[in-house]
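Below are the chains, spelled out letter by letter.
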Amino acid sequence: MQAHARSISVQRDDGVGFMRLMWLAFAGMLLVLAQAVAAQARSESLAPLAEKISPAVVNITTSTLIEGQTGPQGIVPEGSPFEDFFREFQDREGDDENRPRRSNALGSGFVISEDGYIVTNNHVIAEADEILVEFFPGDGQPKKELPAKVIGTDEKTDIALLKVEASGPLKYVKFGDSDIARVGDWVIAMGNPLGQGFSVSAGIVSARNWELSGSYDDYIQTDAAINRGNSGGPLFNMDGEVVGVNTAILSPNGGSIGIGFSMASNVVVKVVDQLREFGETRRGWLGVRIQDVTEDMAEAMGLEKPGGALISDVPEGPAKEAGLLAGDVILSFDGVEVEDTRGLVRLVGETTVGKSVRVVVHRDEGTQTVLVTLGRREDAERSEEGEEDAPDAPIEENADILGLTISPLTDTLRTDLGLDAEADGLVVTEVDEASEAFAKGLRAGDLITEAGQQKVTSIDDLEARMEEARDAGRKSLLLLVRRSGEPRFVALSLTE
């Protein structure tokens, strides 16, 4: 019995020892594999990729004629005996300053076709009289420069399309799909930083979907070094495809601190295609003013969740002709779900002018589909007229509701507020600074035209809308408020 116990003990020890040996061997294999991978990573170079794509990257030099300063006139009275002396002095001392001179600027770009189309930033070539494109020289190749002409520009996305005439086919690069670029993906930037010539820098995609200054923005943030002179240059993925156009940097001193922005290629491609075909952009236009739907707005309108784009006004245009109304919430556009106002603006802008699209809206606690034929945004912008600001003038008090002191609109108030004769609603004369209404931006001079998505012209109308909302179990009341002609919806909590 004792020997048997020892035998079992010996077998158990042998099994443990064997397992330990197996784990040690496995760990050793993992270590060797890790070292091999690390060695391969250390030896991997971006040089082959850079050599492949660099011939398509160009330096851009622009020249602008600046008028000379005329200098002060009338230093001495006309006819004075000193007049000739001062004229001779000005001619001698100020000749260089008064003479027109040329100002040069540097930027980058890249060739997108063998017949010489080049993409860069609009701000690189804006107001330039002359544009000179310098091509990557390559090993033992002489420097080559060609004049370029502007095919078209788009200020909204800061994109310009140029064309050069070359004696033969040019090396070019293709656009990649920026939508599949992930945060953490490797990218390289190429261009002409600080005017020092061709340069390559590497980094990663740091963030996506930045909106910096415009409705059509979709910027990729990268920590690849981008400096002045890199503007208009390409941002490449590891397949050598252009996923962005380097446009801007965030910097306190003008140099790179690792926060650069490139316009996403999927935006650039659409712009370039239109510039190439028409010499200008042709964006779709729906013709509505919109705002995002907040949680309290969604609750007030009976929506299951916030989302879509709430129409605050429908001026003359395609939407009005199709029957869209203020208070409608656009849920989908041309078969694509609308998440927010930014998404809708991009969807509409990227849709062909003149196309008839189905727009699904939330209306009267249900959904309706409206067929809209899109107009052209550029035509609408050219025809828009500026509106004068309406003054914020306190007027006679009438009733205190929801933290607001309001009064029915009279002819006198229409004149005081700069409103047209057809304007109607309730005027806000005061706002309690401790109220929710004040926190949500309502101010004296605002005009309430709708409550609960119905027109209001009297205090009784507003109180009736409040009672209807309470009876329907609503916690908030949706108001349509206009200021200086600009409408927006505001949801205010209903309190007893």
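Residues numbered from 1 in each chain as written. Predicted model: local features only at pLDDT ≥ 70, side-chain atom pairs only at ≥ 80, totals over all residues. Heavy atoms only, no water.

**Q** Help me out: how do you make sense of the overall build of the protein chain in this one?
**A** When helices and strands are tallied, the protein chain shows 13 helices and 27 strands. Out of the 496 residues in the protein chain, the part that is buried amounts to 41%. (Helix = DSSP H or I, 4+ residues; strand = E, 2+ residues; numbered from the N terminus. Buried < 20%, exposed > 50% of the residue type's maximum accessible area, 1.4 Å probe, protein only.)

**Q** Help me out: how do you make sense of the nonpolar core in this one?
**A** Looking at soluble globular proteins, one finds that nonpolar side chains tend to be buried together. By size, the foremost hydrophobic cluster in this structure holds 39 residues, and its most contacted members are Ile60, Ile118, Val119, Val133, Phe135, Val164 and Phe236. Once residues within four sequence positions are removed from consideration, Phe135 is found in contact with Val58, Val111, Ile118, Lys144, Leu146, Val164, Leu170 and Phe198. In this structure, Val431, Val456, Leu477 and Leu479 belong to the second largest nonpolar core, which totals 23 residues. (Core = buried A, V, L, I, M, F, W, Y, C linked by side-chain atoms within 4.5 Å. Contact = heavy atoms within 4.5 Å.)

**Q** What exactly am I supposed to notice about helix 9 (residues 341-349) here?
**A** Every α-helical turn comprises 3.6 residues, leaving residues that sit three or four positions apart pointing alike. Those residues of helix 9 that sit buried are Thr341, Leu344, Arg346, Val348 and Gly349. On its buried face, helix 9 sits against helix 6 (265-278), strand 13 (284-285), strand 14 (289-292), strand 15 (309-313) and strand 16 (329-333). Structurally, the start of helix 9 carries an N-cap: the backbone nitrogen of Arg342 is 3.4 Å from a side-chain oxygen of Asp340. (Polar contact = N/O pair within 3.5 Å; in protein donor to acceptor, adjacent residues only side chain to side chain.)

**Q** What am I meant to see in a negative patch on the surface here?
**A** Side chains of Asp400, Glu430, Asp432 and Glu433 sit close together on the surface and give a patch of like negative charge. Mapped onto the fold, Glu433 is located in the loop between strand 23 (426-431) and helix 12 (436-439). Among the residues examined, Glu433 registers a relative accessible area of 64% and is labelled exposed. (Patch = residues over 30% accessible without salt bridge, like charges linked within 9 Å, V, L, I, M, F, W, Y side chains within 5 Å. Areas by Shrake-Rupley, 256 points an atom, 1.4 Å probe, with all protein chains shown as cover. Salt bridge = Lys/Arg side-chain N within 4 Å of Asp/Glu carboxyl O. Lys, Arg positive; Asp, Glu negative; His and termini not counted. Charge placed at Lys NZ, Arg CZ, Asp CG, Glu CD.)

**Q** Would you take a moment to explain the packing of aromatic side chains for this structure?
**A** Each aromatic ring pair is summarised here by two numbers: the centre-to-centre distance and the angle between the ring planes. As enumerated under the stated definition, the model contains 3 aromatic pairs in all. Measuring from ring centre to ring centre gives 6.5 Å for Tyr219 and Phe261, while their planes differ by 80°; the resulting arrangement is edge-to-face. Here the residue Tyr219 occupies a position in strand 9 (residues 219-222), and Phe261 occupies one in strand 12 (residues 260-264), the gap between them amounting to 42 residues. We classify Phe261 as buried; its relative accessible area is 6%. Grouped by ring-pair contacts, the aromatic residues Trp210, Tyr219 and Phe261 constitute a single cluster. The ring of Tyr216 is capped by Arg283, whose NZ or CZ atom sits 4.3 Å from the centre of that ring. (Phe/Tyr/Trp six-rings, centres within 6.5 Å; stacked < 30°, edge-to-face > 60°. Lys NZ or Arg CZ within 6 Å of the ring centre and 35° of its normal.)

**Q** What exactly am I supposed to notice about the confidence of the model for the protein chain here?
**A** When pLDDT drops low, the exact placement of atoms in the prediction is not to be read closely. With 77% of its residues at a pLDDT of at least 70, the protein chain reaches an overall mean of 80. Within the protein chain, helix 1 (residues 2-43) has the poorest average pLDDT of any element, 47, and strand 3 (residues 117-121) the best, 96. Note on residues 36-43: pLDDT is under 50 here. Beyond four places in sequence and across chains, it has 0 contacts. Note that pLDDT drops below 50 for residues 385-397; the model gives that stretch 19 contacts with residues more than four away or on any other chain. (pLDDT = per-residue confidence, 0-100.)

**Q** Please clarify how the pattern of salt bridges should be interpreted in this entry.
**A** Close approach of charged atoms allows side chains of opposite charge to pair. Applying the stated criterion across every chain yields a total of 27 salt bridges. As a salt-bridge pair, Arg376 and Glu280 come within 3.2 Å of each other at their nearest N and O atoms. Taken together, the positions of Arg376 in strand 20 (residues 375-376) and Glu280 in the loop between helix 6 and strand 13 put the pair 96 residues apart, joining distant regions of the chain. Taking the relative accessible area as the measure of exposure, Glu280 reaches 29% and is therefore partly exposed. Two residues, Glu381 and Arg377, come together in a salt bridge whose shortest N-O distance is 3.8 Å. Of this pair, Glu381 and Arg377 both sit in helix 10 (residues 377-383), separated by 4 residues, roughly a single helical turn. The exposure class assigned to Glu381 is partly exposed, which follows from its relative accessible area of 32%. The structure contains a network of salt bridges with shared partners spanning Asp154, Glu280, Arg282, Arg283, Arg376, Glu378, Asp379 and Arg382.

**Q** Help me understand helix 13 (residues 459-471), please; the structure alone is not making it clear to me.
**A** A rise of 1.5 Å per residue sets the reference length of helix 13, with its 13 residues, at 18 Å; its end C-alpha atoms lie 18 Å apart and thus fit the reference within 8%. Turning to helix 13, the residues buried within the fold contact strand 21 (399-401), strand 22 (404-408), strand 23, strand 24 (447-451), strand 25 (454-455) and strand 26 (476-483). Remark: Gly473 follows helix 13 within two positions and exhibits a positive phi of approximately 80°. (Expected span 1.5 Å × (residues − 1).)

**Q** In this structure, what is going on with the sheet that holds strand 7 (residues 186-191)? I would like to understand it.
**A** Picture the strands of a sheet paired through backbone hydrogen bonds; they go either parallel or antiparallel. On the basis of which strands lie adjacent, the closed barrel formed by 6 strands has the order 7-8-9-12-11-10 and antiparallel pairing. Taking the axes of each pair of neighbouring strands and ignoring which way they run, one obtains an average angle of 45° across the sheet. As defined by bridge partners, strand 10 (residues 234-236) adjoins strand 11 (residues 242-249) across 3 bridges and the pair is classed as antiparallel. Bridge pairing links Phe236 to Val242 in strand 11. Relative to strand 12, helix 6 is tilted by about 50°, and along the sheet it contacts strand 11 and strand 12. (Pairing = 2+ DSSP bridges. Axes fitted to C-alpha atoms, helices over the stretch in contact; angles between N-to-C directions.)

**Q** What is the right way to read the side chain of Thr449 from this model?
**A** The topology assignment puts Thr449 in strand 24. For Thr449, a relative accessible area of 11% puts it in the buried group. Look past the residues within four positions of Thr449 in its chain and what remains in contact with it is Asp424, Gly425, Gln454, Lys455, Val456, Leu480 and Arg482.

**Q** What am I meant to see in unusual backbone geometry here?
**A** When glycine is set aside, most residues are seen to have a negative phi, and most peptide bonds are trans. The backbone phi angle of Glu127 is positive, close to 65°, even though this residue is not glycine. Looking at the secondary structure, you find Glu127 in the loop between helix 5 (122-125) and strand 4 (130-135).

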